[in-house]
Amino acid sequence: MQALFSQHLANIQATVRSALEQARLDGLWIYAGAAKYHFLDDQTSPFKINPHFNYVFPDPKAEHCWLFLDGQNPPQIYYFAPQDYWHCVPKPPVEAFFASEFEWQIVRQQSEIAQFIRNPQHCAFIGEDEKLAESLGFCHINPQKVLNVLHFARSIKSEFEISAIFEAQRTALIGHQVAKQAFFDGKSEFDINLAYLHATQQSDNNVPYGNIVAINDHGAILHYTQLDLTPPAERHSFLLDAGTSHLGYASDLTRTYAFDPNSEFAELVAKMEQLKLDCIANLQVGINYLSYHTQMHQAIAQLLHDFDFVRLSPEQIFEEGISRAFFPHGLGHSLGLQVHDVAGLQQNARGTRKSPPEIYPSLRCTRDLQAGMVLTIEPGIYFIEMLQNPWKISPLARHFNWQKLDFFKRFGGIRTEDNVVIREFGAENLTAKASQKAEQILQK
């Protein structure tokens, strides 16, 4: 891991040099950030680190810490370690595998940082607290030219980052297996979530995103996080969208299960799983992500025809836009330090952006695939009344099998999601690669 991190940091140094040269600046100060206070309260939200800080210094607990980089000399870490009997203060990770790459300064008071910042008017500040930056004399605060270079570099993952994302796959898959068993054991959404958190050794405060634990028709709510306390009277389906983090890097995995393995819904789940795997097998460097999203809509149109949901040809279902009422989100997104990672729409280091087509507004990636990209592949098919209703007053309404569609509303929907890294030869499925290790751990 240390060797991988050294190469990762060398890549960052080259990126910082390029960004500083283009912006004609001398250095980069990155502030890790601080937990935010609730309105009119003395309580804070859980701390969420500045991802640019975590990109350089892989410690997501480093609140109030600072980094200085000039792209030439070893990065300097100003680690905030106050004496405090009110809170549990993280110890400086001076023995961590990455520690020797930095020049260290322990800071006991937040105000001390001012004495270390020299010529702030010639440096860039990267962080959320713009008022703090202004008070310290910075005038180049989150300059877009610098952010463009940093964001584009972050969209291509180093082997260190890929290894961290892989480790997050393994722990999440353990949680998914435990949660699946809890569903079939008759547990409520709330209790399934507790089982997942226990298995992955996380709390609700440090999961990479709010767990989606959806039984039955709740699966039709794309970001369902309510968590019913009582089990439903009947069980039809279970959708779990949940991940874990490792060194700040996230996994983002979804699975859907049919309670009755012999049902038509179970058959549909299996078909969706195969569509996902077929898509992953076809991913290639140089092909635009939009083309795979479009192909998935064509495949969904075929399913709507084959399962007798819509009695039109697959070609007409696609051309009329009917598939968009059943697959309303994008095929996936970039993944890394942020679950929806940066630069999915950014085409180059200059910051040129390509928006998604008007008919696919939720698409989060419009890039040509490059080696080193880490992406989610997450096709879905849902039975959402709000999206189907406009078709009831359409001239094509008579071609919809409304009776069957009403029956399938009880299942909510299906989403299946793996995380992949693009290689020169195609896609490496990190989720599939990690599943065997997760199963071995569960069997012990």
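Computed from a predicted structure; not experimentally measured.

Undergrad: Help me understand the pattern of salt bridges in this model?
TA: A side chain with one charge may pair with a side chain of the opposite charge, provided their charged atoms come close. As enumerated under the stated definition, the model contains 15 salt bridges in all. K404 is the partner of E264 in a salt bridge, and the nearest nitrogen-oxygen pair spans 2.7 Å. One end of the pair, E264, is in helix α7 (residues 264–282); the other, K404, is in helix α11 (residues 402–408), with 140 residues separating them in the sequence. Of the residues examined, E264 reaches a relative accessible area of 34% and is grouped as partly exposed. Relative accessible area serves as the criterion here: at 15%, K404 is assigned to the buried category. Overlapping salt bridges, with partners in common, bring together E159, R423, E428 and K433 in one network.

Undergrad: Help me understand unusual backbone geometry in this model?
TA: Where the residue is not glycine, phi is negative for most of them; where a peptide bond is considered, it is trans in most cases. With a phi close to 55°, L40 is a non-glycine residue in the positive phi region. Its place among the elements puts L40 in the loop between β1 (27–31) and α2 (51–56). By relative accessible area, L40 is classed as exposed at 76%. For L247, which is not a glycine, the phi torsion comes out positive at approximately 55°. Assignment of secondary structure puts L247 in the loop between β9 (245–246) and β10 (249–250).

Undergrad: Quick question: what am I supposed to make of the sheet that holds strand β16 (residues 426–429) here?
TA: By way of backbone hydrogen bonds, the strands of a sheet pair with one another, either parallel or antiparallel. Spatial ordering of the open sheet is given by β12-β15-β16, a layout of three strands whose pairing is antiparallel. The sheet is open, and its two borders are formed by β12 (374–377) and β16, each paired with just one other strand. Shown here is a sheet whose adjacent strand axes are inclined to one another by a mean of 40°, direction ignored. In this sheet, β16 lies alongside strand β15 (residues 418–423) in antiparallel orientation, the contact comprising four bridges. Looking at the pairing, V421 lines up with E428 of β16. In this fold helix α5 (residues 159–184) packs onto β12 and β15, with an angle of close to 160° to the strand it touches most, β15. Helix-sheet contacts for α7 involve β12, β15 and β16, and the interaxial angle to β15 is about 15°.

Undergrad: Explain the packing of helix α1 (residues 2–23) against α5 here, please?
TA: The geometry of a pair of packed helices is captured by two quantities: the angle between their axes and the separation between those axes. Here α1 crosses α5 at 125°, and the two axes come no closer than 7 Å. On the basis of their axis angle, the class for α1 and α5 is oblique. The residues of α5 that touch α1, namely those facing L4, F5 and H8, are E159, F160, E161 and S163. For the contact of α1 with α5, the per-class residue count stands at three nonpolar, two polar and two charged.

Conventions and cut-offs
- Throughout, residues of each chain are indexed from 1 in the direction in which the sequence is written.
- Under the rules for a predicted model, residues below a pLDDT of 70 receive no local features and side-chain atom pairs below 80 are neither given nor counted, while totals for whole chains, interfaces and linings still include all residues.
- The basis for every side-chain value is the complete set of non-hydrogen atoms in the structure, without hydrogens or water.
- Every case where a carboxyl oxygen of Asp or Glu lies within 4 Å of a side-chain nitrogen of Lys or Arg is listed as a salt bridge.
- Starting at the N terminus, helices and strands are each numbered in turn, a helix being any DSSP run of H or I of at least four residues and a strand any DSSP run of E of at least two.
- Burial classification: accessible surface area is computed with a 1.4 Å probe over protein chains only, and a residue below 20% of its type maximum counts as buried, one above 50% as exposed, and the rest as partly exposed.
- Here, strands pair whenever DSSP counts at least two bridges between them.
- Note on definitions: angles span 0 to 180 degrees between N-to-C directions of axes, and those axes are lines fitted to C-alpha atoms, for helices only across the stretch in contact.
- Any two residues whose heavy atoms approach within 4.5 Å are treated as being in contact.
- Small angles under 35 degrees read as roughly parallel and large ones over 145 as roughly antiparallel, with 65 to 115 read as roughly perpendicular and the rest as oblique.
- Amino acid classes used here: Ala, Val, Leu, Ile, Met, Phe, Trp, Tyr, Cys and Pro are nonpolar; Asp, Glu, Lys and Arg are charged; the rest, including Gly, are polar.

In short, the description is geometric, and any link to function would need to be established separately.
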